[in-house]
There are 2 protein chains.
Amino acid sequence: MNKQHLLTGVSLATAVIAVAFACAKPKGPAGQLGASASVKELMDKRKLTEADVEAALRTYTPGGRADEYMILASGGQAGQILAIGAPSMRLLKVIGVFTPEPWQGYGYGGGGNEILAQGHQGDQKLGWADVHHPNLSETKGDYDGQFIFVNDKANARVAVVDLSDFATKQIVVNPLVSSDHGGAFVTPNTEYVIETSQYPAPLGRDYAPIEQYKEKYRGLAMFWKFDRAKGRIDQAASWAIELPPYTQDLADAGKLDSDGFAFLNSFNTEMAIGGTLEGKPPIESGASQNDMDYLHVIDWRKAEKLVADGKSTTIKGVKVISLETAANEGILHLIGEPKSPHGCDVTPDGKEIIVGGKLDTHATSYSFEKIKKLIDGKQYSGKDAYGVPTLDFQQSIKGQVEIGLGPLHTVFDNKGNAYTSVFIESAVAKWNYKDMKLLEKIPVHYNIGHILSAEGDTVSPDGNYVVAMNKMSIDRFSPVGPLYPQDFQLIDIEGPKMRLLVDMPIGIGEPHYSQMIKMDKLKTRKVYPVGENIYTGQKDPSATLAGQEKIVRSGTTVDVYMTAIRSHFTPDRIDVEEGDTINLHVTSLEQSEDQTHGLSFNLHNIDLSLEPGKHENVTFVASKAGVYPFYCTEFCSALHLEMAGYLLVRPKGTPPGSAAAAGSASAAPSGSAAPPAASGAAPKK
Amino acid sequence: MNKQHLLTGVSLATAVIAVAFACAKPKGPAGQLGASASVKELMDKRKLTEADVEAALRTYTPGGRADEYMILASGGQAGQILAIGAPSMRLLKVIGVFTPEPWQGYGYGGGGNEILAQGHQGDQKLGWADVHHPNLSETKGDYDGQFIFVNDKANARVAVVDLSDFATKQIVVNPLVSSDHGGAFVTPNTEYVIETSQYPAPLGRDYAPIEQYKEKYRGLAMFWKFDRAKGRIDQAASWAIELPPYTQDLADAGKLDSDGFAFLNSFNTEMAIGGTLEGKPPIESGASQNDMDYLHVIDWRKAEKLVADGKSTTIKGVKVISLETAANEGILHLIGEPKSPHGCDVTPDGKEIIVGGKLDTHATSYSFEKIKKLIDGKQYSGKDAYGVPTLDFQQSIKGQVEIGLGPLHTVFDNKGNAYTSVFIESAVAKWNYKDMKLLEKIPVHYNIGHILSAEGDTVSPDGNYVVAMNKMSIDRFSPVGPLYPQDFQLIDIEGPKMRLLVDMPIGIGEPHYSQMIKMDKLKTRKVYPVGENIYTGQKDPSATLAGQEKIVRSGTTVDVYMTAIRSHFTPDRIDVEEGDTINLHVTSLEQSEDQTHGLSFNLHNIDLSLEPGKHENVTFVASKAGVYPFYCTEFCSALHLEMAGYLLVRPKGTPPGSAAAAGSASAAPSGSAAPPAASGAAPKK
């Protein structure tokens, strides 16, 4: 497919390189490569254009140097967050969030199990998520680099990740709905993390037949209260607003002028319920009948006050402002949006809300000033079927710009320009939202979904990079079978023309949204103080120092207080009886940066990551007699392989060190006899 | 730390660029970047040296172009295999192998569950693995690009991945041991996949007290028979050899001259068993007393014949050649190796076996010709404690080369050179194994474990790239908290001097070994024929075509025959009663490349990936009344969000479409009444 854009930016680089060859022929035997290769020879050898050379030099980041930015990307179905360096576009870490992640020892016996368990729902253990929109914590509308939040569309959950150690600290479950999409979006000082539902259903997860869709099914906007001091969402202080069963989609929080408001769009205001097997039209066509859907405008400060004044009803433990109250108290207003809207993005100055319609060719800019005036003057165009006041579309918008077929999401630079992803056309459209003019389009490869820009959701975007998050990558990378990676394309927007720099394959989940933060805003920890429980942030009560190691047996419970340091575990033998419950408490005594140990108990599905100083607690039952090695799973030193020990599980009724029940099938050298059982392996009392 | 090596390779590139600036000053306003940047301006702006420029041009790979090579890397604790393009060093895909992988729908309800279940052990469901040594299938000692095998150190398992679709097709469990390490290594025509144990234990996983280590604990070499036609390991035709309890480590198969033999080394021939809590020395020191450990030389063709002749005993269903038989029949011989050996690598010509000692400063080359002569002449230096004949070290080796402190693994080029990873020194040593001379060393960053080279394990390595697989990356990348990524460093070995090209962070598991295959050897599938079950390779009996969709109810079992195509599911409503068992059969009707759908059932931990044509079957119980959306998890089209439906689970005893038990807590608009239940949603009979 068309790669012409790669050849834009033919430039002085051309001149320079050309001249170079004119006045200096590469010395040395022709075609000899290796250390004496000239730029020209390398261009020939690797078939690189001048644009490629420029792109290479704009993205290559030598080892030993930090990237300028970190992209924190949705991991999609992987259920994780991806940390990517830019402009090098290197994957730095896959952060375990909703899905167990063994390298981090997250969900394989240690404290991570408790975090994941927060996200389980009743007896339903959920081992994955559909992660959509990560949002960085903000202070005064600017990324502060402290936390990142993300939602799980498949199970209506939100997670909190601490960026001081890139570890997930909390998962909260929305008990009212069973899917979300418009989340996690933060307010300018991270007062709230906004999560809005996607597919309508009876609130509280009750049953109602689909024929009662209009009467019983609902949407919801959840406002999760964030306690920054604790670094956790305060569920008791969180609340929600009931919404009509218009499939709510993306959301964004107002800022500066529009601070205190939230905006979310919707599709399927037709309330189509499909019925493909029954010969009815599928939702995709049923939901595409009307010319207009509804932009929801929510005054969350007013709503917050209503909740404080007790004007809410409690459903499944959550304070909910009913749709009727929301409509009557003037905290919810609806405005028409071009059909099948998707993206909903507030401009850096907070004055405009940009919406793209999937089946439209325009980006529409709503004026917050106009909206506010209509609301304050109660100048309604009418009410919807649920009594919610509506505002006139034409009176609410600043204008529309025709940019191409299938506009989705919009991000911004520092010069008043907007960059909108155009899905069907596979392009990025650059346009100015001050004077509403389309400036430039470049093709991307292919089917771009979300788009992101450097510091793009803040009040002060940087204006140097945009990343196109493409859903398809056909013909862009080496083949890896029928399931293709996604394609992140880094685009330079610093110059007068957009320039594609590099393609990055994403072969782990399908990312949705991402954010891009200045690397120097991240203040990460290098080691933990010895004995820290990273999930409580406190020194663990069972933290074990050198010399304090012990095995304490009480009945069928065995408490093991263990330490790990290059290159051994103490104890390195754990002798128990079949059926015993083992409480393992292990502390890394290391304090050198990057000196991580791991701990695996073979055949017990236990795997811990022991970063310097970290403490972990694991409880498990030694359910089957046998000899189980445990060992360090991180190559920590020259004698790493020797950093091992044995869990010895005696058959029931067998005394320690006894061979009574030992039925080894091995062929022992004839004449060799078992020595008397030494007491050495007997657990200390 | 020392980054001097980055500045080697100052070169004609310098001259050319210098001259360039001499004869052509960049035009345009100084410092103006964007499209008119010169190479010099970019070098200044991004602080790049000439070496950096050269490295950038040697690695940058424009979108739309395939990489030259694919690296298939161990995913370490992630339990997966990583597919990486080289020289761009981009992660193309994380292949789900031992750990559930939701993007691929592997382990979340579909056929992948059955593959993962093959690896469960008794009632122990294992959700991760410690993946060590991937090995590509070979034909005549050359990679054929058909399959890759990998071992799980933590649970003694081996997996088979089909490279036509990058999907895991089989997991086999070794029932005799509870840890492995020397695997998976293939014989030159993939007759066998070799897996050797690591930490000794009673064979068959019986219990024996650790005081009986010498008498009852054993090592093992497993020879898994591979059926290439079926693309599966034939467990019934596989067999093993009992070994002494010398902690066996890495292994390699002979080739060409040494075809028919296998070589594995060992450490802790002292048979130290630790006892740190009991005041005994840890294994790391107990295992480092002797100057020599043992290289194991196995004549597997002879062993194969012994098994055929019935000279084996069966343990836990596996034919095992006892240690005594192995010793007496001359299929196992031992030779001393410098203390704490680690790597064991056969040269491309099959004539030499290179061993590195972790606490040694030498690489030792064993001569297969000398070994064979000693064996054939029964010229033994003695026997070990288990009656295994030993060969004299000096008479067995070709020689030793002093290369630095802590040599581990060795790979090869096409010029008779060996490249050995030097862990403690953090360096790669290049030496010639023909004339046994050290040629060059370069620093790597840091603590290099394994090393790999292009087509490096074949009879004909390519000699252009080496990758240093470093365990530590301190100061090399942007910080991501106390758990640091690993660092793959791509090194150009084509020229007279080694040159570091680029650092690639690995932030998902700690890779051990990897292999690097020519990209054009991989013949991958682009789509599946409609209805294919990718785990059987056959059209699924439940495959559903357009017009065949139906819901069949029989008692409390509901069979749903579903299709998926842009942008709807048929059916899009599934109406069942609480407690019903649902057998979902879903077929993707797509046949366009890269047109993948996903299918998630909210709150049911079900997630499928439906690549074009793929069929999946899922069985689950609708255990809780409620309304559960299901939807497409891959952004497949402009109306992707509309590709959804509802699983309606009625409370027990509620007839279809009835609102009797519907206790919706939502505030419906007053006066709205539920319409009579339509029969539309009633399942078809």
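On a predicted model such as this, the values are computed, not experimentally measured, just so you know.

Moving on to the interface of chain B and chain A. Every contact between the two is made by 219 residues of chain B and, on the other side, 216 residues of chain A. Between chain B and chain A, a total of about 19200 Å² is buried, with carbon and sulfur atoms accounting for 61% of that surface. Inspection of the chain B/chain A interface yields four salt bridges. Note that Lys45(B) and Glu494(A) form a salt bridge whose closest N and O atoms lie 3.5 Å from each other. In this structure, the connection of chain B to chain A is made through 80 residue pairs in polar contact (both at pLDDT 80 or more). Per-element accounting of the side of chain B that touches chain A gives the leading share, nine residues, to helix α1 (residues 12-23) of chain B. A per-class count over the side of chain B that touches chain A returns 110 nonpolar, 58 polar and 51 charged.

The next subject is the relation of the copies chain B and chain A. Relative to chain A, chain B is turned by 180° and slid 0.0 Å along the rotation axis, the superposed coordinates differing by an RMSD of 0.0 Å. Here the two chains are linked by the operation of a two-fold rotation axis. Both copies contact each other with a shared surface, as 99% of the interface residues of chain B are interface residues in chain A too.

Turning to the nonpolar core, a few remarks are in order. Val428(A), Ile491(A), Met516(A), Val428(B), Ile491(B) and Met516(B) are the most contacted members of the largest nonpolar core, which totals 92 residues. Setting aside residues up to four positions removed in sequence, Val428(B) forms contacts with Tyr419(B), Thr420(B), Glu440(B), Lys441(B), Ile442(B), Val444(B), Ile448(B), Ile451(B), Ala468(B), Ile491(B) and Met498(B). If you look at the next biggest cluster of nonpolar residues, it comprises 63 residues, including Ile194(A), Ala251(A), Leu323(A) and Val355(A).

Residues and elements named next belong to chain A. Each assigned domain of chain A is listed here: domain 1 (3-59), domain 2 (69-274 + 292-477 + 485-521) and domain 3 (532-658). Its C-alpha centre places domain 1 at a distance of 43 Å from the equivalent point of domain 2. Contacts between domain 1 and domain 2 engage seven residues on the former and 12 residues on the latter. Of the roughly 880 Å² buried between domain 1 and domain 2 on both sides combined, carbon and sulfur atoms contribute 60%. Connecting domain 1 to domain 2 are two salt bridges. The shortest N-O distance in the salt bridge between Glu54 and Arg499 comes to 3.8 Å.

Turning next to the pattern of salt bridges. Residues and elements named next belong to chain A. Counting across every chain of the model gives 72 salt bridges over all chains. Here Asp492 and Arg499 are joined by a salt bridge, their closest N and O atoms 2.8 Å apart. We note that Asp492, like Arg499, is buried. Linked by salt bridges that have partners in common, Glu54, Arg58, Asp492 and Arg499 make up one network.

Residues and elements named next belong to chain B. In terms of strand pairing, strand β10 (residues 219-227) meets strand β11 (residues 232-243) through eight bridges, oriented antiparallel. Across the sheet, Gly219 pairs through a bridge with Leu243, a residue of β11. Once β10 ends, the chain turns through four residues before running back antiparallel as β11, passing Gly231 with a positive phi of about 70°. Here three bridges tie β11 to strand β16 (residues 318-321), and the two strands are oriented parallel to one another.

Another point: the sheet that holds strand β5 (residues 142-152) of chain B. Residues and elements named next belong to chain B. If you trace the four strands from one edge of the open sheet to the other, you get β4-β5-β6-β7, paired in antiparallel fashion. Of all strands in the sheet, those bounded by a partner on one side alone are β4 (135-139) and β7 (167-173). Within this sheet the neighbouring strands show an average axis-to-axis angle of 30°, counted without direction. Sheet analysis places β4 next to β5, joined by four bridges and oriented antiparallel. Each residue of the ladder has a partner; that of Asn135, found in β5, is Phe149.

Attention shifts here to helix α9 (residues 368-376) of chain A. Residues and elements named next belong to chain A. Of the residues making up α9, those classed as buried are Phe368, Ile371, Leu374 and Ile375. One side of α9 carries all its buried residues, which in axial view fall inside an arc of 125°. Facing away from the buried surface of α9 by more than 90 degrees, the exposed residues are Glu369, Lys373 and Asp376. Lys378 occupies a position one or two residues after α9 and carries a positive phi of about 50°.

With that settled, the discussion passes to the packing of helix α3 (residues 50-59) of chain A against helix α3 (residues 50-59) of chain B. The interhelical angle for the contact between α3(A) and α3(B), taken along N-to-C directions, is 120°, at an axis separation of 9 Å. Considering only the axes of α3(A) and α3(B), their crossing is right-handed. Between α3(A) and α3(B), the contacting residues are Val53(A), Ala56(A) and Leu57(A) on the first element and Val53(B), Ala56(B) and Leu57(B) on the second. Classifying every residue of the contact of α3(A) with α3(B) gives six nonpolar, no polar and no charged.

Turning our attention to unusual backbone geometry. Residue His445(A) is joined to Tyr446(A) through a cis peptide bond whose omega torsion reads -10°. Positive phi outside glycine occurs at Arg205(A), with the angle close to 65°. Mapped onto the elements of the fold, Arg205(A) is located in the loop between β9 (192-197) and α5 (213-216). Backbone geometry at Lys378(B) places phi at a positive 50°, although glycine is not the residue there. For Lys378(B), the position within the fold is in the loop between α9 (368-376) and β21 (382-383). According to the relative accessible area criterion, Lys378(B) is exposed, its value standing at 61%.

Residue and element names in this part refer to chain B. A sheet is described by the order of its strands in space; here five strands give the open sequence β38-β44-β43-β40-β41, paired in mixed fashion. Because the sheet does not close on itself, it has two edges, and the strands there are β38 (573-577) and β41 (606-610). Going from strand to strand, the sheet's axes swing by 15° on average, the running direction of each strand aside.

Residues and elements named next belong to chain A. Across chain A, the average pLDDT comes to 91, with 90% of residues at 70 or higher. Low confidence marks residues 1-36, where pLDDT is under 50. Its contacts with residues over four positions away, or in another chain, come to 71 contacts. Contacts of residues 660-685 to residues separated by more than four positions or lying in other chains number 52 contacts, the stretch itself having pLDDT below 50. ipTM for the predicted complex: 0.93, alongside a pTM of 0.93.

Quick notes on the rules
Residues numbered from 1 in each chain as written. Chains lettered and ligands numbered in written order. Predicted model: local features only at pLDDT ≥ 70, side-chain atom pairs only at ≥ 80, totals over all residues. Heavy atoms only, no water. Contact = heavy atoms within 4.5 Å. Buried area = accessible area lost by both parts, 1.4 Å probe. Salt bridge = Lys/Arg side-chain N within 4 Å of Asp/Glu carboxyl O. Polar contact = N/O pair within 3.5 Å; in protein donor to acceptor, adjacent residues only side chain to side chain. Helix = DSSP H or I, 4+ residues; strand = E, 2+ residues; numbered from the N terminus. Nonpolar A, V, L, I, M, F, W, Y, C, P; charged D, E, K, R; others polar. Least-squares fit on C-alpha atoms with pLDDT ≥ 70 in both. Core = buried A, V, L, I, M, F, W, Y, C linked by side-chain atoms within 4.5 Å. Buried < 20%, exposed > 50% of the residue type's maximum accessible area, 1.4 Å probe, protein only. Domains from an automatic or database assignment. Pairing = 2+ DSSP bridges. Axes fitted to C-alpha atoms, helices over the stretch in contact; angles between N-to-C directions. Arc of directions from axis to C-beta. Left-handed = near helix turned anticlockwise from the far one by under 90°. pLDDT = per-residue confidence, 0-100.

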